[in-house]
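# Chain and residue survey
The residues making up each chain are set out below.
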Amino acid sequence: MAKAECTPKWNTLALRNRKTCPTPEKSFQTTFTPVSKDKNSQTAGLLAGGDTQSSNGPSGQFVARGSIESPSKVLLMLVAGLSFSTRLYKLTEPPHVCWDETHFGKMGSYYINRTFFFDVHPPLGKMLIGLAGYMSGYNGTFPFIKPGDKYENQNYWGMRGFCAVLGSFLPIFAYLIVLELSNSCTAAIIAATLLIFDTGCITISQYILLDPILMFFIMAAVLSMVKFNQQRYRSFTASWWFWLVLTGINLAGALGVKFVGLFVIVLVGLNTIGDLWRLLGDMSLSLVDIAKHFLARAFALILLPLILYVTIFAVHFVVLNKSGPGDGFFSSAFQSRLIGNNLHNASMPEYLAFGSTVTIKNLRIAGGYLHSHWHLYPEGVGARQQQVTAYLHKDYNNLIRNSQSGNPDLVRHGDIVRLEHKETTRNLHSHLHEAPLTKKHFQVTGYGINGTGDANDLWQMEVCGGRKGDPVKVLRSKVRFLHRATGCVLYSSGKTLPKWGWEQIEVTCSPYLKETPSSQWNIEDHINPKLPNISLSVLKPNFLEILLESHIVMFRGNSGLKPKDNEMNSKPWHWPINYQGLRFSGVNATEYRVYLLGNPVVWWINLASLGLYFTMVAVASIATQRGFSLEHSLVLVRGGGLLMLGWLLHYAPFFTMGRILYFHHYFPAMLFSSMLTGTKLVWDTVISVFFYLFHPLSYGMTGPLAHEPGSAMAGLKWMDSWEF
């Protein structure tokens, strides 16, 4: 039989006619090793791109495919030129706030002014935006109130330019990553072309957003990881350490911008596990050598990113030291460290006593201060008694007096109290009428006058986690108020009341007694002239406490991002098919319109390639099992598998998320699918043509709408769900 001597005359579909990069002849002075017939040894370490050669071998020994010492500089310069020119073109247009610039531009201003704010994402991206604005002459005074507000004479171009520059690196990174994985200039240039001429990637890179910053760190981390994988036979050399440490730095950057940076951390982690598994199977390495490899990776990929991530928050807390709109989202103790907050450098009695005047703050995000006013609940909304709400701002009507006793006896865990609203002198009261919005809860009202009322005004005060006799500590103690008559617990639902309730937060009495932030409160302001005051500086939380609290608040904020009534919520299955875009600016023919939508040809080619990949792997696997040696089959399995895994990790988790989702969440995954689609040269021309047709979506347009004669987009609205 001649089967073993046969060389197949065909290649797999996507790898046919692939050109390899011109490489100096010396780079192919490599050492070839016999291929083991043990299938386990052939597959071990595929994820890490491993081989059976010793990882501690001489630095001059490489795998048979050769090293890529110098990719084509001409092609790289071409990619860079096209990428920067397409991202920086018409950067200042439109000269008004677009979409989420109203959030992230404003947050950049807060950093310049050192004003504390709250956001559901880690701070690095906003800090960099603020730094870019400051360095370009922006003074942080523009209010960023709503989309469409004119920038006038503000230097907004620096913040947009910073995001555009980082976005311009994405095609460059894609080129270098695919070049490393495939040793093919054709594959690399196609991957870069897909991103250069994608209208969606251009749009999302040109505005003051976190997305281009996040994707920069994701792609930089993947490139560093791939470069490190190529250093496997130069263990512990300077270049080996450089790429390993740079991978860790970029992982910290990705996570420091958004929590979805965790996905690329998982990707690098799986690659590292495969790499260590390969090393464990290398019998030329001692256990001490393996331990050194493990410790090096633990330092660079775990400890170093963690240190950098914590450092980002340390800088964040130092810079934002002034009271601002974010105060109310955090605990009273947290607020006491902010200059300008009424708790900063304040003094008050340390322990709550009967007869004290206090403010009571709910511990859920945006839970508000316990509040009342003279207005009554309207007819048909429970009993027509005085409204009790939660108010997000500090106000005189937040003051509550504990009127149970005139003696300065301390209030302790389990004590019965009556809470009187200072302004109206009505008591905090509940009964079996249903709450205004949360129908399974009971209504809370203000009842009685000047300390008189009934048994429904009595509440039992409990210190969460406390025991009978424990005192209530100002700022630090978490307390609950249990209604004596009904057994329910005082609760801030987080729901906004209608206009009759001044759009404040609903307060109810919940029959469900499980401890949650919504049913937990703390004493913030505390006035009692019969007790000695202490400086609140002794109650200020330390760095680890505020770091932990900030993460708890961010996680709760993320989980609370639910779709509002009639709000459009994008579905993850919409994204790969480019089903529906996102309006950045303008609606009618007289406005400057920008619409976030991917180049349809790019996105649909990527979608086809994702499905085609599994077919190609199946064909290659069957052929290899039958003894055929297919060119680039290892590139398909290893490099393609790594990119497919990256796509899955950055896409699949969104199907499990309960928060509101938007089209732009798919763009990190789109980077991986584009790199996977490095197959046919003919596509470049097609992609360029459709980029020209769809480019007005990215750079903006005025005049007739798509369905009207003379429109720049006439005949190009191929799907009814596209809203340009």
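Residues numbered from 1 in each chain as written. Predicted model: local features only at pLDDT ≥ 70, side-chain atom pairs only at ≥ 80, totals over all residues. Heavy atoms only, no water.

### Re the overall build of the protein
Within the protein, the regular secondary structure consists of 18 helices and 16 strands. Relative to its 724 residues, the protein shows a buried fraction of 56%. Contacts in the protein between residues far apart in sequence, at least 24 positions, make up 76% of those at least 6 positions apart. Of the accessible surface of the protein, which amounts to about 31100 Å², a share of 62% is contributed by carbon and sulfur atoms. (Helix = DSSP H or I, 4+ residues; strand = E, 2+ residues; numbered from the N terminus. Buried < 20%, exposed > 50% of the residue type's maximum accessible area, 1.4 Å probe, protein only. Contact = heavy atoms within 4.5 Å. Areas by Shrake-Rupley, 256 points an atom, 1.4 Å probe, with all protein chains shown as cover.)

### Comments concerning the packing of helix α8 (residues 211-229) against helix α16 (residues 667-676)
Put simply, α8 and α16 touch, their axes get as near as 10 Å, and they point 40° apart. Between α8 and α16, the crossing angle belongs to the class labelled oblique. Both α8 and α16 take part in a crossing whose hand is right-handed. Counting all contacts with α8, which are made through L214, M215, I218, M219 and V222, the residues of α16 involved are F667, P668, L671, F672 and M675. Classifying every residue of the contact of α8 with α16 by side-chain character gives ten nonpolar, no polar and no charged. (Axes fitted to C-alpha atoms, helices over the stretch in contact; angles between N-to-C directions. Parallel < 35°, antiparallel > 145°, perpendicular 65-115°, else oblique. Left-handed = near helix turned anticlockwise from the far one by under 90°. Nonpolar A, V, L, I, M, F, W, Y, C, P; charged D, E, K, R; others polar.)

### Brief notes about the nonpolar core
By size, the foremost hydrophobic cluster in this structure holds 121 residues, and its most contacted members are Y175, I177 and Y666. Here the element with the most residues in this core is α8; it accounts for 14 residues. The residues contacting I177, other than those within four sequence positions of it, are M219, V222, L223, V226, L643 and M675. Counting 35 residues, the second-largest nonpolar core is a separate cluster that includes A346, L370, F442 and C488. (Core = buried A, V, L, I, M, F, W, Y, C linked by side-chain atoms within 4.5 Å.)

### Regarding the state of the cysteines
Tallied over the full model, the rule gives one disulfide. Across a sulfur-sulfur distance of 1.9 Å, C488 and C509 are joined as a disulfide pair. Measuring the twist about the S-S bond at about 95°, one finds the C488-C509 disulfide to be right-handed. With a gap of 21 residues between them, C488 in the loop between β10 (479-483) and β11 (489-496) and C509 in strand β12 (residues 505-510) connect regions that are remote in the sequence. As far as burial versus exposure is concerned, C488 and C509 are alike and both buried. (Disulfide = S-S within 2.5 Å.)

### A few points about a nonpolar patch on the surface
A cluster of nonpolar residues, F236, W241, F299, L303 and I307, forms a patch on the protein surface that exposes about 430 Å² of accessible area. In terms of residue count, the dominant contributor to the nonpolar patch is helix α11 (residues 287-319) (three residues). Note that L303 resides in helix α11. (Patch = residues over 30% accessible without salt bridge, like charges linked within 9 Å, V, L, I, M, F, W, Y side chains within 5 Å. Salt bridge = Lys/Arg side-chain N within 4 Å of Asp/Glu carboxyl O.)

### With respect to helix α13 (residues 543-559)
With 17 residues, α13 ought to run about 24 Å at 1.5 Å a step, and its terminal C-alpha atoms sit 24 Å apart, in line with that. Among all positions of α13, only I546, L547, E549, S550, H551, V553, M554, G557 and N558 are buried. Buried residues along α13 sit in contact with α11 and α12 (332-335). The backbone nitrogen of L544 has a side-chain oxygen 3.2 Å away, supplied by the residue at the start of α13, namely N542. (Expected span 1.5 Å × (residues − 1). Polar contact = N/O pair within 3.5 Å; in protein donor to acceptor, adjacent residues only side chain to side chain.)

### Quick look at the pairing of strand β6 (residues 416-421)
On a regular strand, one side chain projects to one face of the sheet and the next to the other, so that they alternate. In terms of burial, β6 is a largely internal element, five of the six residues being buried. Sheet topology places strand β5 (residues 400-402) next to β6; three bridges connect them, and they run antiparallel. Note on β6: the bridge partner recorded for I400 is H421. (Pairing = 2+ DSSP bridges.)

### Considerations on the packing of aromatic side chains
Inspection of the entire model under this criterion finds 43 aromatic pairs. Consider the rings of Y207 and F584, whose centres lie 5.5 Å apart with planes at 70°: the pair is edge-to-face. Here Y207, found in the loop between α7 (199-205) and α8, pairs with F584, found in strand β15 (residues 582-585); they are 377 residues apart in sequence, far enough to count as distant. Side by side, Y207 and F584 carry an identical accessibility label, which is buried. Taking 5.4 Å as the distance between ring centres and 45° as the angle between the ring planes, the aromatic pair formed by W603 and Y666 counts as tilted. Of this pair, W603 sits in helix α14 (residues 600-625) while Y666 is found in the loop between α15 (633-651) and α16, placing the two residues 63 residues apart along the sequence. Summarising the burial analysis for this pair, W603 and Y666 share the class buried. Among the aromatic residues, those joined into a ring-pair cluster are F263, W575, W603, W647, Y651, F654, F655, F663, Y666 and F667. The positively charged end of R337 is found above the aromatic ring belonging to F334, 5.1 Å away from the centroid. (Phe/Tyr/Trp six-rings, centres within 6.5 Å; stacked < 30°, edge-to-face > 60°. Lys NZ or Arg CZ within 6 Å of the ring centre and 35° of its normal.)

### Quick notes on the pattern of salt bridges
Counted according to the given criterion, the structure contains 14 salt bridges. Here R297 makes a salt bridge to D275, at a shortest N to O gap of 2.7 Å. Residue R297 is located in helix α11, and its partner D275 is located in helix α10 (residues 262-280); the two are separated by 22 residues in the primary sequence. When its relative accessible area of 4% is taken as the criterion, R297 is described as buried. Between R401 and E420 there is a salt bridge whose closest N-O contact spans 2.3 Å. Residue R401 is found in strand β5, and its partner E420 is found in strand β6; the two are separated by 19 residues along the sequence. Taken together, the shared-partner salt bridges in this structure form one network comprising D275, R278 and R297.

### A word on the confidence of the model for the protein
Across the protein, pLDDT averages 85, with 84% of residues at or above 70. Scored below 50 in pLDDT, residues 22-54 shows 58 contacts in the model against residues more than four places distant or in partner chains. Note that residues 56-69 has pLDDT below 50 and, in this model, 41 contacts with residues that lie over four places away or in other chains. (pLDDT = per-residue confidence, 0-100.)

### Description of helix α3 (residues 101-113)
In a regular helix each residue adds 1.5 Å, so 13 residues correspond to 18 Å; α3 covers 17 Å between its end C-alpha atoms and thus fits that length. Of the residues making up α3, those classed as buried are E101, T102, F104, G105, M107, G108, S109 and Y111. Following α3 by one or two positions, R114 has its phi on the positive side, about 60°.

### Regarding the environment of P576
With respect to the helices, strands and loops of the structure, P576 is situated in the loop between α13 and β15. Owing to a relative accessible area of 8%, P576 belongs among the buried residues under this scheme. Excluding its chain neighbours within four sequence positions, the residues that come into contact with P576 are W603, L607, Y651 and Y666.

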